[in-house]
Amino acid sequence: MMPTPFQDLANHLWQSTLFAAAAGLVILAFRKNRAQTRYWLWLAASAKFLIPFSLLVDIGGVIASYATPSMAAPDLPFAIQQVTQPFAVSTPLHSIPAASPSSPANWIAALLYAIWAFGFAALIFSWCRPWCGLRAALRTASPLNLQIGIPVMTSAAFGQPGIFGVYRPVLLLPAGIRDRLTPAEFKAIIAHELCHVRRRDNLTTSIHMAVEALFWFHPLVWWRSARLMEERERACDENVLSMGNEPQAY
């Protein structure tokens, strides 16, 4: 018998996977549209892993009850009813024999928890190392006055341009990059990074990183991560070109 926590997890995973597959089909239909549209669809599919489907159904029922107080709430469509059904049927508690502390089910559950915790900790550690390195480099970086609305710091430790921070973003530029580029090229790079700031890409990336950390064992999470990164950069590319920057310089 599968422990109840694992039943709940299995229910949540298959429903989130089904939602992501449906989002993938919609994205396929929008493949000729703007990258920003595809990006938000992938992000919604990622965020679904953080929200149980049953919670969405309950919220929808509450909204419907407030919107139509004098009418009975309509039955959910058959497909939605099937999605909300549990992956594994729970057995009544009174019919489940008490498991001894040394039973195989308890050992398996403890092992699975330990594997998940190890993967979670390893992933967080792998992210903390470069973040701490950037943080240390930022303390010794030199300010650059570009008058673009956010602080700009330059240092030889920065390998490429990027935005650091979520609520107080800072533009990081490699030392001497301005001297190695033409004015048109430098303008296009700044426009690209400012597009990330306007879109709050660091915030949405943090949301997906939370999904990666919690569900690191799910292959779809990592495949979707690559798609998110591709569409995010394409969306910024489209924005930069729409602002009149020279395509050749960009």
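An account of the accompanying structure is given in this report.

Reading guide: rules and limits
- Residues numbered from 1 in each chain as written.
- Predicted model: local features only at pLDDT ≥ 70, side-chain atom pairs only at ≥ 80, totals over all residues.
- Heavy atoms only, no water.
- Helix = DSSP H or I, 4+ residues; strand = E, 2+ residues; numbered from the N terminus.
- Contact = heavy atoms within 4.5 Å.
- Areas by Shrake-Rupley, 256 points an atom, 1.4 Å probe, with all protein chains shown as cover.
- Buried < 20%, exposed > 50% of the residue type's maximum accessible area, 1.4 Å probe, protein only.
- 1 Å grid on protein atoms, 1.4 Å probe; cavity = no way out; pocket = protein on both sides within 12 Å on 5 of 7 lines; lining within 4 Å.
- Points joined across faces, edges and corners; volume = space filled by probe spheres on them.
- Nonpolar A, V, L, I, M, F, W, Y, C, P; charged D, E, K, R; others polar.
- Pairing = 2+ DSSP bridges.
- Disulfide = S-S within 2.5 Å.
- Phe/Tyr/Trp six-rings, centres within 6.5 Å; stacked < 30°, edge-to-face > 60°.
- Lys NZ or Arg CZ within 6 Å of the ring centre and 35° of its normal.

A word on the overall build of the protein. Along the backbone of the protein there are 9 helices and 4 strands. Sequence-ordered secondary structure for the protein, helices as α and strands as β, is α-α-α-α-α-β-β-β-β-α-α-α-α. Taking the intrachain contacts of the protein between residues at least 6 apart in sequence as the baseline, contacts between residues at least 24 apart amount to 62%. Carbon together with sulfur atoms contributes 67% to the accessible area of the protein, which is approximately 15,800 Å² in total.

Right, let's get into the side chain of Ser 225. Take Ser 225: it is sitting in helix α9 (residues 219-242). By relative accessible area, which is 15% here, Ser 225 ends up buried. Among all residues touching Ser 225, those that are not within four sequence positions of it are His 208 and Glu 212.

Estimated volume of the largest pocket: approximately 1,400 Å³. Along the wall of the largest pocket there are 43 residues; nearest its centre are Ile 163, Asn 202, Thr 205, Met 209 and Arg 232. Of all the elements in the fold, those that place two or more residues in the lining of the largest pocket are α2 (35-47), α5 (104-140), β3 (162-164), β4 (170-174), α7 (183-198), α8 (201-214) and α9. Classifying every residue of the lining of the largest pocket gives 24 nonpolar, 12 polar and 7 charged.

This brings us to the pairing of strand β2 (residues 152-155). Side chains Val 152 and Thr 154 of β2 all project onto a buried face; the interleaved residues Met 153 and Ser 155 project onto the opposite face, where all are buried too. Judged from the 4 bridges that link them, β2 and β4 form a sheet pairing that is parallel. Counterpart to Thr 154 in the pairing with β4 is Leu 173.

Moving on, we get to the state of the cysteines. Counted under the stated rule, the structure contains 0 disulfides. There is no disulfide at Cys 132, and the cysteine sulfur nearest it, in Cys 128, is 5.7 Å away. Free cysteine: Cys 195, not disulfide-bonded; nearest cysteine sulfur from Cys 236 at 3.4 Å. On the accessibility criterion, Cys 195 (2% relative accessible area) is buried.

The subject of this paragraph is the pairing of β4. The element β4 is largely enclosed, with a buried count of 5 among its 5 residues. Burial of the side chains of β4 extends over both faces: Val 170, Leu 172 and Pro 174 are buried on one face and Leu 171 and Leu 173 on the other. Of the strand pairs in this sheet, β3 and β4 are connected by 3 bridges, and their pairing is antiparallel. Note on β4: the bridge partner recorded for Gly 162 is Leu 172. Remark: 5 residues form the turn of the hairpin made by β3 and β4, two consecutive strands paired antiparallel; Gly 165 in that turn has positive phi of roughly 105°.

One pass over the structure, following the stated rule, counts 7 aromatic pairs. With a centroid separation of 5.7 Å and 80° between ring planes, the pair formed by Tyr 39 and Trp 40 is classed as edge-to-face. Of the residues examined, Trp 40 reaches a relative accessible area of 38% and is grouped as partly exposed. Here Phe 215 and Phe 217 contribute two aromatic rings whose centre-to-centre distance is 6.2 Å and whose plane-to-plane angle is 65°, an arrangement assigned as edge-to-face. Its guanidinium or amino end placed over the ring of Tyr 39, Arg 199 lies 4.8 Å from that ring's centre, counting from NZ or CZ.

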